[in-house]
Amino acid sequence: MSLRLGMLGAGTLGDEMGFPVLAERKKALAVLLGGMIVAALAYRFLFLTDISFWLDEQISIGVAGEGPLYCVPAALRFSGHPPAFYCQLSIWMLLGRGDTWIMLNAIFWNVAAILTAFFVFRKRYDLLTALGATLSLALLPQMLAYALNVRMYSFMVVFSLLVWHFTEKTLGSNGAVLDAGTLKRDMRWRMLCQLLLGYTHALGPFYAALHGLYALWRARTAPSANARRAWFKYEVATGLLLLPVVINGFLRETQHTNSADMKALMDMVAINFFSGYAGMGVREAALLALALGFITLGAWRDRDIRRLGVFWVALPALLLLVITLGLKPILSPRIWAPFLPFFCLALALSLSRLKTPGILKAGLAAFWLGMLVYMNGAFWQQFEKPNDYHAVAATLTTETHKGDTVYLYGGPTAWGTLRSLLGPEWGSVLDVQAPANSRWQRVEAALGPALCARLRLCAKTDRLSWQGRALVLFQSDMTLRPDAARVWLVYDAADDAAAQKRQLKQAGYIPQAEDERGRDHLILYIKGAVS
C-alpha cells in the first residue's frame, strides 16, 4: 500500500503533523481532532449548572447593567479598564439579566475565540496543524477559566487573532499583492480590530503596540510598497486614537501585582497557561518546560516558529517583566490572554516540523493532549470562584434582624450582595453609590453639577432598604447611625478593612460574631456589648 500522503495546505499531511498515517486515514484523523475540539467546547456548558459571579465579574455586570448609553461613564467611574467589552455586554443584557444568560456571554466569546483561532490558522497552515493548535488552545485550562468568567479575556483573544490575521494577509511575505480596494478594506478591518483590542483592557495599548511591532517586522518583506505605506498610515492613526486609554491608565495608576518575586512570577506563568487559579506545581512546570523546549527546538531551524516564538512568547514576557520591575506592577493572572493562541500555534508547528520519527512525534503529541485533558478533569474538581455572594445573601437573610444596618464595603462587594439579595433588577450602580473619594470629588467639581448629573456620575443615594434593614454602601469611612444598636460589616478579604474596624471600635461597637463565605467576611457588631 502506498505511503505517499496527499498534499494539504502548506505541506503534506504526514510531514506537517508528524504522524505515520496513511493517505486514506487522514480524514479520520482530522475528524478525531475536530471531534475533540467540539467536545472541549461542549464541556464548557456543563459548568452552567452552578453559576456564581466573583468580585471582578460584578464590575462587568454592574457597569454593563447601565445600558449602552451609560456604560461608558460607568466604566470610567468604576473600572480601571476601557469600555469596549462592557459596551457589548450591555447590549447582550438588553435581552436578559439572569445569571445563566450573562454567563452565556462569557462562553459565547470563548467559543468564538477558539473558532476564530481555527479560521485564521487554517488560512496560513495545513488542516491538521490548524486543528492541533486549536485543540491545544481549547484544552488549556486557562482558556476554560476565561469561558467561566464574565470578563474581557476571551473577547481580547478574538480581536488579537483578527489583527494578526489581517497583518499576515496584507503584509505577509507569502501573501499575494492585493488590489488597492482590497488592501484599503483589510487595513481598515485591521485598524478596527486593533482599536477594539486596545479599548478592552487597561493594557490594550500594550497589546496593540506589540501587534504594531509585529506588523513592522512583517512590513520589511511586504509584497508591495503600497501595503507598507497603507500600514504606516493606519498604524499612526491607531496609536493616536489609543492615547485616551494610555492617559487614563497612567492617571488611574492601574496596576495588578504588588510584588515581582520569583514565586509570584512563576505562579503567574502557571496560572496564565495551565492551572486556572492555582500556582506553579511540578506538573505545571514540567508541561511548560516541555512546551517551551519544543518551541525553542523548532525556532532553531524554522523561520515561522522563530517569528512566533520571539514576538508572541519571548518578547511579551520580557517586556512585561521589564515594565513590572522598572515602572509599575502590571502582571496579572490573565494578562497573557491575547498571546495564548500563538503559543499554541508555535507548539503545533514545532511538533509537526520536528525532524524525528513520526511515531515519536505522535507519542509526544498524544502525551501533551492527554495531560491537558487530565488537567481539564482536575479543573472540574477544583474550580471554585473566590467570592460567593449567594452565600453572603443567605447569611444576611437568616442572621440579620429588623433594624440592623449592613455596611457593604466596596462597590463590587455591594453589587454582588445586592444582586443576590434583591435580584438582578436591584438598582443602578450609578444611582446607588458610596460617597465619592477625594479624587472623584475633584472630578465632579471640575465637571460641574449639570454635566455630572447628565453623565449620572453623582450618586442619588448610598443606601437601600431591605425588609426593615438598611443596606449602606461605603468606600472608606462609614457614616454611622447613632441609633443603630446592631451593625454588620461585609468586606472582601483582599482588603482587611482594618480602618473600618477601628472606626467601629471607636464608636463603641464590639464584634460579636464573624462568618466567612469564600473570600467575603461578615462581622456582627453590637453597640456597648461585652465581647
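Whatever comes next refers back to the structure up there.
Trainee: Can you help me understand the overall build of the protein chain in this one?
Mentor: Along the protein chain, the regular secondary structure elements total 22 helices and eight strands. For the protein chain, contacts bridging at least 24 residues in sequence account for 75% of all contacts bridging at least 6.

Trainee: What am I meant to see in the state of the cysteines here?
Mentor: Here, the word disulfide means a covalent bond between the sulfur atoms of two cysteines. Tallied over the full model, the rule gives one disulfide. Paired by a disulfide, Cys-452 and Cys-458 hold their sulfur atoms 1.9 Å apart. The sign of the 115° torsion about the S-S bond sets the Cys-452-Cys-458 disulfide as right-handed. Under the relative-accessibility criterion, Cys-452 is labelled buried at 1%. With no disulfide of its own, Cys-71 has Cys-87 as its nearest cysteine by sulfur position, at a separation of 3.2 Å.

Trainee: Can you help me understand the environment of Leu-396 in this one?
Mentor: Tracing the sequence through the fold places Leu-396 in helix H19 (residues 389-399). As for Leu-396 and Thr-417, which are separated by 21 residues in sequence, their C-alpha atoms are 9.3 Å apart. Discounting chain neighbours no more than four positions away, the residues touching Leu-396 are Val-406, Thr-417, Leu-421, Trp-466, Val-490 and Leu-522.

Trainee: Is there a simple way to think about the nonpolar core in this case?
Mentor: Formed by 120 residues in total, the largest nonpolar core has its most connected members in Phe-121, Met-143, Trp-164, Leu-308 and Trp-312. Per element, the largest residue contribution to this core is twelve residues, and it comes from helix H6 (residues 99-124). Each residue touching Met-143, except ones within four places of it in the same chain, is listed here: Arg-44, Asn-110, Ala-113, Ile-114, Leu-137, Val-157 and Leu-340. Listed in part, the 15 residues of the second largest apolar core include Ala-470, Met-478, Leu-489 and Ile-523.

Definitions and limits used
- Residues numbered from 1 in each chain as written.
- Predicted model: local features only at pLDDT ≥ 70, side-chain atom pairs only at ≥ 80, totals over all residues.
- Heavy atoms only, no water.
- Helix = DSSP H or I, 4+ residues; strand = E, 2+ residues; numbered from the N terminus.
- Contact = heavy atoms within 4.5 Å.
- Disulfide = S-S within 2.5 Å.
- Buried < 20%, exposed > 50% of the residue type's maximum accessible area, 1.4 Å probe, protein only.
- Core = buried A, V, L, I, M, F, W, Y, C linked by side-chain atoms within 4.5 Å.

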